[in-house]
Amino acid sequence: MTERQHVPDRDAIAALPEFPRLGLESIRLVASADAARAAEAELQGACVLGFDTESRPTFARGEASDGPHVAQFATATTAWVFQLRDPECLRVAAALLESPAVRKVGFGLSGDLRQLRGRLGVEPQAVLDLDTVFRERGWRKEVGVKAAIAILFGQRLVKSKKVATTNWANARLTESQIVYAANDAYAAMRVFEALERPAQR
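Before going into details, it helps to say that this report is about the structure given with it. (Residues numbered from 1 in each chain as written. Predicted model: local features only at pLDDT ≥ 70, side-chain atom pairs only at ≥ 80, totals over all residues. Heavy atoms only, no water.)

Glancing now at the sheet that holds strand β5 (residues 103-106). The six strands are arranged β1-β4-β3-β2-β5-β6 in an open sheet whose pairing can be described as mixed. The sheet terminates laterally at β1 (27-30) and β6 (127-129), the two strands that pair on one side only. Adjacent strand axes in the sheet meet at a mean angle of 25°, parallel and antiparallel pairs treated alike. Of the pairings in the sheet, the one linking strand β3 (residues 70-74) to strand β4 (residues 79-83) comprises five bridges and is antiparallel in character. If you follow Gln72 over to β4, its bridge partner there is Val81. (Pairing = 2+ DSSP bridges. Helix = DSSP H or I, 4+ residues; strand = E, 2+ residues; numbered from the N terminus. Axes fitted to C-alpha atoms, helices over the stretch in contact; angles between N-to-C directions.)

Here the focus is the side chain of Lys104. Note that Lys104 resides in strand β5. Within the buried core, Lys104 has no salt-bridge partner, and the shortest N-O distance to an opposite charge, that of Glu98, equals 9.3 Å. Only 2.8 Å separates the side chain of Lys104 from the backbone oxygen of Ser99, close enough to count as a polar contact. Setting aside residues up to four positions removed in sequence, Lys104 forms contacts with Leu49, Phe51, Phe73, Leu96, Leu97, Ser99, Gln125, Ala126, Val127 and Leu128. (Buried < 20%, exposed > 50% of the residue type's maximum accessible area, 1.4 Å probe, protein only. Lys, Arg positive; Asp, Glu negative; His and termini not counted. Salt bridge = Lys/Arg side-chain N within 4 Å of Asp/Glu carboxyl O. Polar contact = N/O pair within 3.5 Å; in protein donor to acceptor, adjacent residues only side chain to side chain. Contact = heavy atoms within 4.5 Å.)

As structure tokens, this is what we get:
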């Protein structure tokens, strides 16, 4: 029987050194038809991508989200942040999500997938929620991306709540938004690689 393991608490994580995030030089913003086609060419042949989405927050009771407004994908070196406004950006993001040949890995994806089905009208394929992997390996409660980085790397992933609750539907994203979104997907990809490593020995 697998021993139940405890997720590190907020104070323990806060004491760790910072996880090195991707900078703007390693992030592609996909906000036009040309950028979408370039991203499609770069991502052809990818077997696994870190994945997440961002939506404009809702504040009124009963208000339904019309997101996601951003979808992000990442390899171990580069991230692509798709703004889901241009039809070609929507098409390429949908193709990646529907592809059974490209595994999409991330955390807490049930809400993301539900919104994507409604917004894009697609049924995502080959999606792995990394929370389930941690549960199978004996972790006591849900392990999000920050706890996963702490467990596997002994580092602290910086995530700004202020940026998280900004307007992701804006026509122009800020640099802070782009870096935040990209690193959600990038961190998931790095976690997936670390989880897979022991099985490859």
